[in-house]
Amino acid sequence: MKKLPSIDVFICTADPNKEPCVKVMNTVISALALDYPPDKLHVYLSDDAGSIATFQAIKQAWKFSKLWVPFCRKYKVKIACPEAYFMTDESGPDGEFQSNEFIVEKKEIKKRYAEFKEIVAKIIADKSISVSKDHPPIIEVIDDANDNGIDSDQREIPLLVYVAREKRPTHPHNFKAGALNVLLRVSAMISNSPYILVLDCDMYCYDPSSARQAMCFHFDQELSPKLGFVQFPQKFYNINETDINDGQQRSVWSKWEGLDGFMGPILSGTCFYIKREALRGTQRFREGNANSHVGFRYISVVEDYFTSFNLHCKGWISVYLNPSRPCFLGETPISLNEILVQQMRWSVGFYQVALSRFSPLIYGPLRMSIPQSMCYADFAYSQLYFVSLYLLTLIPQLCLISGVSLYPEVSSPLFVGFSFVFLSAQLKHVQEAFSTRHPIRTWSNEQRMWMMKSLTSYLFAALEVVMEKFGLTKARFLPTNKVVDDEQVKRYQMGVYDFQAPALFMVPLCSLYILNVASFIIGFGRILQTRKWNQMLIQAFIPLFTTILHFPLLEGMVLRKDKGRVSPSISLLSAVISIIFVSFASLVNYY
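It should be emphasised that the depicted structure is a prediction, and the values quoted were computed from it without experimental measurement. (Residues numbered from 1 in each chain as written. Predicted model: local features only at pLDDT ≥ 70, side-chain atom pairs only at ≥ 80, totals over all residues. Heavy atoms only, no water.)

Caption draft 1: Representation of the UniProt feature "binding site: Mn(2+)" (unreviewed entry) in the protein. Mapped onto this numbering, the UniProt entry gives "binding site: Mn(2+)" (unreviewed entry) at Lys176 and Asp200. Across 25 residues in sequence, these annotated residues keep their C-alpha atoms within 10.1 Å of one another, forming a single compact spot. If we ignore the near neighbours within four places in the chain, the residues touching Lys176 are Asp200, Gly269 and Glu303. Inspection of the secondary structure puts Asp200 in strand β5 (residues 195-200). Judged by relative accessible area, which is 23%, Asp200 ranks as partly exposed. Leaving out residues up to four positions away in the same chain, Asp200 has contacts with Ile11, Cys12, Thr27, Lys176, Gly269 and Thr270. (UniProt positions renumbered as here; feature names shortened; annotations may be inferred. Contact = heavy atoms within 4.5 Å. Helix = DSSP H or I, 4+ residues; strand = E, 2+ residues; numbered from the N terminus. Buried < 20%, exposed > 50% of the residue type's maximum accessible area, 1.4 Å probe, protein only.)

Now the structure itself:
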């Protein structure tokens, strides 16, 4: 116990309207309940909104923690988050605690937790929930003056600190990276722990042993001198059985396992234990300016990706740790709108790095291995897929309507090549899903969501970055909205898409879908009439494949009547746009 180093926990929240206080406080409480010496654990909450409601809620969280933390230690509770704990039937490790004392204490703690939630709900109702962009700094150690951090049973609990950094409308604040760097400076003056755990406000500690697991790597004599951080996967408790939105991001985490073969995985924004020394800007393994890029790096809204890129360039390595029992659990967006907004934000950040002097293809190869640079480049440039995908969803379809053949005839040897490329790519995707113990529907869900993101988020992110480069707009950071209504949750659990998204996203998707349906019907009719199967088979297959894969869009536009359907006005506008394209292709064929 004495040999264990101290750890600072950084939790960031930005908007109480989008990040419910009860969920944020559950993350705080779960961090306080980590299985780690309390005198070596310090929890810092960054409130970028400067909200009085959040400030008062964290005081209530502290009071409840004085009951919850000792209870967890006494009975070796395996779930650190109270909300998650009381939703399960866990009674203790392997159910060994069944004494009357335990049952009575658990009942009392559950009662006090319900009271805590009621108080927080009342605070939210009574206070004006606003996001301040102009306020002085606030730093306060949350404590009771009477007990100095020691509860009634004389048990210590970790230090808890509330931080609201100064904000002024005329000063740039660098989004989450700026908030984390403020926590770095504040914690350096208070606890200055050599290791830091970073958590999103909705990513609570599930298994309280994560700190000890991470320290096994940081204490390894061979790894420790060059190990920058240990990254845990992000796992989510609210994913439905079919995972229609690809919320688990299976393909991303499988890449992290592969990256362990190089210098290690990329920082993922949350769920990582990082060495403070790595963030101080020193270059112990490379030559260069030791004072450059201190802390979490700016220039991009994906501060995690850019920071880890710099760390790997300086010679630090990382480790991916994926235990069978999840150490952290969070909440993934379930509405299409929030998913596309989140992906757009990430894509903007990747484009910002790709177009900077830190481009992985230029800056990386001189400072890390070429394969590692290519891995970073994959994230920075893969958003450009939207160009080829738009061409694939437009050109073959318009040419099919016009009767213009683009692909090899069935009798041509090249037909085998085209078929092989398509089938091998799809079968490889299916094999990857199976190899990670997922059903075949994972393939269709991932294909569908990748196309939706490419045709919307990737495109508009590119436009935003170009406008930013020309000074027409400024970089923005839109927190993901974690507030959902009961109807949204019910639809999601039933495996039904929620298409309540702005026209900016839905019109391109619906227009292209209608165009594909129309091109297949018109093209197939022409093929039956002219009997040109040999020439037009591939061209007819492409819109058919798109139509079947994105059938939920047709349901949303035509068959569904619930609140989550596609808006009739969007369906009408999309139909008009599609008719214009079809008419243009028909005129080309006529002349």
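So, next bit.
Caption draft 2: Looking closely at empty space enclosed by the protein. As enumerated under the stated definition, the model contains three cavities of 30 Å³ or more in all. What lines the largest cavity is Asn245, Asp246, Gly247, Gln249, Thr332, Pro333, Ile339, Gln342, Gln343, Trp346 and Lys453. Considering only enclosed or pocket space, the second largest cavity measures out at about 80 Å³ in volume. Taken together, Thr393, Met451, Leu455, Leu509, Leu512, Tyr513, Asn516, Thr546, His550 and Leu553 form the lining of the second largest cavity. Where the lining of the second largest cavity is concerned, the elements lending two or more residues are α13 (441-469) and α15 (503-530). Looking at the lining of the second largest cavity, the element that brings in the most residues is α15, giving four residues. Partitioning the lining of the second largest cavity into residue classes produces six nonpolar, four polar and no charged. (1 Å grid on protein atoms, 1.4 Å probe; cavity = no way out; pocket = protein on both sides within 12 Å on 5 of 7 lines; lining within 4 Å. Points joined across faces, edges and corners; volume = space filled by probe spheres on them. Nonpolar A, V, L, I, M, F, W, Y, C, P; charged D, E, K, R; others polar.)

Caption draft 3: Representation of helix α8 (residues 303-313) in the model. Burial runs high along α8: eleven of the eleven residues are buried. Summarising the contacts, the buried residues of α8 are in contact with α5 (175-190), β7 (227-231), β8 (272-275), β9 (317-320), α9 (336-354) and α10 (370-381). After α8 finishes, the residue Gly315 shows a positive phi value of roughly 105°.

Caption draft 4: Molecular detail of the environment of Glu257. Tracing the sequence through the fold places Glu257 in helix α7 (residues 250-259). A sequence separation of 65 residues divides Glu257 from Asn322, and the C-alpha atoms of the two residues are 8.9 Å apart.

Caption draft 5: Looking closely at the sheet that holds β8. The mixed open sheet is built from eight strands, whose spatial order is β3-β4-β2-β1-β5-β8-β7-β9. Each edge of the open sheet carries a strand with a single partner, namely β3 (138-141) and β9. Adjacent strand axes in the sheet meet at a mean angle of 20°, parallel and antiparallel pairs treated alike. Bridging between β3 and strand β4 (residues 159-164) involves four bridges; their strand directions are antiparallel. The residue bridging Ile139 from the neighbouring strand is Val163, located in β4. Against the sheet, helix α1 (residues 21-32) contacts β1 (7-13), β2 (41-47), β4 and β5, and its axis sits at roughly 165° relative to β2. Seen against the sheet, helix α6 (residues 210-218) touches β1, β5, β7, β8 and β9 and runs at an angle of roughly 145° to β7. (Pairing = 2+ DSSP bridges. Axes fitted to C-alpha atoms, helices over the stretch in contact; angles between N-to-C directions.)

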